[in-house]
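A look at the structure
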Amino acid sequence: MTRAVTLTEVAREAGVSPSTVSRILNGTARVGDDKATQVRRAIEKLGYTRNAFARSLATGSSGIIGVLTPDIASPFYNDALSGIERGLMGSGYSPLMISGHWRTGEEEHAVELLLGRRVEGLILLGGQLPDAEIRAVAAQVPVGVLGRVVDLEAWGGVSIALDQRQSARDLVTYLVGRGHRVIGHISGPPDHADARERLAGYREALEDCGLRFQPSLVVAGDFQELSGLIGMQRLWQRCPRLTAVFCANDQMAYGARLALHRLGLRVPEDLSLIGFDDLPGSAYTTPPLSSVRQPMAEMGRWLARAVLARLRGEAIPPFTPRQELMLRESVATRRVGPDPAHPPLRPKPLP
C-alpha cells in the first residue's frame, strides 16, 4: 500500500510552515501568489490528498448526505439511488447509503447511525418511519422523502410521491377496455402504503366499470418474485376463468409469468399479465411486460438537488413527475362481443 503524503511534507517541499499550507487549502490564508503557487506545485509533485475526516473536524462539515433505502439491492430503488448520485455530482457532497430492510426498528437505528456520522442532509426512500420521527430528523438536518407525502414544509424538508391509486385504476380500466372481465390481483404486503393504494385503485376501477370486486381474486405477496409465483398458482387454483392478472409490481409479475409457464399457460393468449414500476428488464421479458413507468431516477436527482438547495439557502427547483403506461405484448384483447360501456382505451401518459 502506498504511504499517504503528509501536510508537513508538503510544507517542507514548498518551503513554508504546515499551518500556512492548511490555511491555503482552507482558503483562509492571505499570502502572495508566489507562495500559493509553491504550495500547489508541491501538492502536485508529492501527490498529496486531503484527509476528508480531518477536513470535517477542521471545518465542521462532513460533506455527506445520508440515504436510507428499504432495500439497497432492490432493482426498484436502484434508479433512485443512481439519480441521487447524479444529483450530488460536482456539489462537494457524497452519498452514504444504508438499508433499513422494511423494518421500523432497523430504519430508526440506521438514521441514528447516519446522524452519528454527522451527515448534513438525509434522503429517505419510502420506508416505515412514522411521519413524526421524520419531522424530528428534519428539525436537525434538511430531509427529502421519496414515495411518501410527509408534511415537512415547516421543518424545511421536502417530499415527493406519485398517485399510485390513480395509476392502478387506469391499468385495470385499460384491461377492462381490452375485454377482460375476470381480473385477479397479486397485491403487495398489507402494511405497505403503495400496496394499499394499488389495491384500492384495482377495486375502484372494477366498481367504476360495473364489475364486482371479489376478495377471492386477490392474493397478498411481498413484492418479491417468489410471492408472485406462489400467488399466481393460488389464483389459478381458485379461479381458472381468469383472463388477466394485475401484479402490484414487476418483480411479482416475473414470478407469476414463471408460474403460468409451469402451468402450461401462454401469455397473453391464455392469460394477460400486467405489472407496475417498469423495471429495466420488463421490456425484455417473454413477452415484454406491460407496466407503469415511474421516473425514479429523475425523482432521486431532484431530491438530491432539493436537499442541496436547503443547505445553501436557495430556492428548490420546480419538478412535476409523471407516470406513463407502457403497453407491450403481455396483454391481449378478449373477444367478448360488443361492449359499448367499455370501449378499448388508447394509451396515454398518466397524471
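Above this note sits the structure.
The following paragraphs examine the structure supplied in this document. Starting from 1, residues in each chain are numbered consecutively following that chain's sequence as written. In view of the model being predicted, local features appear only for residues whose pLDDT reaches at least 70, and side-chain atom pairs are presented and counted only at 80 or more, with totals across whole chains, interfaces and linings using the full set of residues. To get the side-chain values, all heavy atoms of the structure are used, and hydrogens and water are removed first.

Side note on the overall build of the protein chain
The criterion, for reference: By definition, any uninterrupted DSSP run of H or I lasting at least four residues is a helix, any uninterrupted run of E lasting at least two residues is a strand, and each is numbered from the N terminus. Relative accessibility under 20% of the residue-type maximum defines a buried residue, over 50% an exposed one, and the middle range a partly exposed one, all with a 1.4 Å probe and only protein chains included. The contact definition used throughout considers only heavy atoms, calling two residues in contact when any of these lie within 4.5 Å. Each accessible area is a Shrake-Rupley result for a 1.4 Å probe, and residues are judged covered by the shown protein chains and nothing else.
Helix and strand content of the protein chain: 12 helices and 12 strands. Residues classed as buried in the protein chain amount to 48% of the 351 residues present. At a minimum sequence separation of 6, the contacts of the protein chain that also span at least 24 residues come to 69%. Element-wise, carbon and sulfur atoms account for 51% of the exposed surface of the protein chain, whose accessible area totals about 17500 Å².

Overview of the side chain of S91
What counts, and what does not: Polar contacts, as counted here, are pairs of nitrogen or oxygen atoms within 3.5 Å of one another; within protein the pair requires one atom able to donate a hydrogen and one able to accept it, and residues that are adjacent in sequence qualify only if both atoms are side-chain atoms.
With respect to the helices and strands, S91 occurs in the loop between α5 (75–88) and β2 (94–99). Judged by its relative accessible area of 16%, S91 falls in the buried class. At 2.5 Å, the side chain of S91 and the backbone oxygen of L88 are in polar contact. Among the polar contacts made by the side chain of S91, one reaches the main-chain amide nitrogen of Y93 at a distance of 3.1 Å.

Notes on the pattern of salt bridges
What counts is decided by this rule: One speaks of a salt bridge when a side-chain nitrogen belonging to Lys or Arg is within 4 Å of a carboxyl oxygen belonging to Asp or Glu.
On inspection of all chains with the given rule, the structure shows 13 salt bridges. Measuring nitrogen to oxygen at the nearest pair gives 2.9 Å for the salt bridge that ties D278 to R328. Placement of the pair is D278 in the loop between β9 (272–274) and β10 (291–293) and R328 in the loop between β11 (323–326) and β12 (349–350), with a sequence separation of 50 residues. On the basis of relative accessible area, D278 is assigned to the buried category, the value being 10%. A single network of salt bridges, built from pairs that share partners, joins R165, R169, E197, E204 and D208.

Quick look at the pairing of strand β6 (residues 183–187)
Cut-off, in case you're wondering: In this description, strands pair whenever DSSP reports at least two bridges between them. The crossover handedness rule: strands pointing away from the viewer, path from first strand over the helix to second strand clockwise, crossover right-handed.
A large share of β6 lies buried, amounting to 5 of its 5 residues. Both faces of β6 are covered, namely the face carrying I183, H185 and S187 and the face carrying G184 and I186. Relative to strand β8 (residues 244–247), β6 runs parallel, the two sharing 4 bridges. Each residue of the ladder has a partner; that of H185, found in β8, is F246. Of the strand pairs in this sheet, β6 and strand β7 (residues 218–220) are connected by 3 bridges, and their pairing is parallel. Each residue of the ladder has a partner; that of H185, found in β7, is V218. You can see the chain leave β6, run along helix α9 (residues 193–208) and come back into β7, and the turn it takes is right-handed.

Looking at the sheet that holds β7
Definition in use: Working convention: axes come from line fits to C-alpha atoms, limited for helices to the stretch in contact. Angles between N-to-C directions cover 0 to 180 degrees.
An order of β7-β6-β8-β9 is seen for the 4 strands of this open sheet, with the pairing classed as parallel. Of all the strands in the sheet, just β7 and β9 have a single pairing partner and so form its edges. Each strand of the sheet is rotated relative to its neighbour by a mean of 15 degrees, with strand direction disregarded. Across 3 bridges, β8 lies against β9 in parallel orientation. The partner of A244 across the bridge, within β9, is S272. Where helix α8 (residues 164–177) meets the sheet, it contacts β6, β8 and β9, and its direction lies at approximately 170 degrees from that of β8.

Remarks on the packing of aromatic side chains
Put simply, the rule reads: Each pair of aromatic rings taken from Phe, Tyr and Trp, with Trp reduced to its six-membered ring, is defined by centres within 6.5 Å and is described as stacked if the planes are under 30 degrees apart, edge-to-face if over 60, and tilted in the remaining cases. A ring is scored as having a charge over it whenever the NZ atom of a lysine or the CZ atom of an arginine sits within 6 Å of its centre and within 35 degrees of its normal.
In the structure shown here, the tally under the stated rule is 4 aromatic pairs. When the ring of Y202 is compared with that of F213, the centres are 6.1 Å apart and the planes differ by 75 degrees; the resulting orientation is edge-to-face. Of this pair, Y202 sits in helix α9 while F213 sits in the loop between α9 and β7, placing them 11 residues apart in sequence. Taken as a pair, Y202 and F213 share a single burial class, namely buried. Ring geometry for F246 and F276: centres 6.5 Å apart, planes at 45 degrees, overall tilted. Residue F246 is located in strand β8, and its partner F276 is located in the loop between β9 and β10; the two are separated by 30 residues in the primary sequence. Taking relative accessible area as the criterion, F276 reaches 0% and is therefore assigned buried. Taking NZ or CZ as reference, R135 lies 5.5 Å from the ring centre of W155, over its face. Just above the ring of F276 sits the side chain of R198; from NZ or CZ to the centre is 3.9 Å.

Examining the sheet that holds strand β1 (residues 64–69)
What holds strands together in a sheet is hydrogen bonding between their backbones, with the strands either parallel or antiparallel. The strand order β2-β1-β3-β4-β5 describes an open sheet built from 5 strands, whose pairing is parallel. Each having just a single partner strand, β2 and β5 (158–160) make up the two edges of the open sheet. In this sheet, adjacent strand axes meet at a mean angle of 15 degrees when their direction is disregarded. In terms of strand pairing, strand β3 (residues 121–125) meets strand β4 (residues 143–146) through 4 bridges, oriented parallel.

Digging into helix α6 (residues 104–116)
For clarity, the threshold we go by: The span you would expect from a helix comes to 1.5 Å times its residue count less one. Arc, as used here, means the arc of the directions from the helix axis to the C-beta atoms.
The terminal C-alpha atoms of α6 lie 18 Å apart, and with 13 residues this matches the ideal 18 Å at 1.5 Å per residue to within 8%. Taken residue by residue, α6 has E107, A110, V111 and L114 as its buried positions. The arc that holds the buried residues of α6, viewed along the axis, is 100 degrees, so those residues lie on one side. Exposed residues lying more than 90 degrees from the buried face of α6 are E112 and G116. As for α6, its buried residues are in contact with β1, β2, β3 and α7 (131–138).

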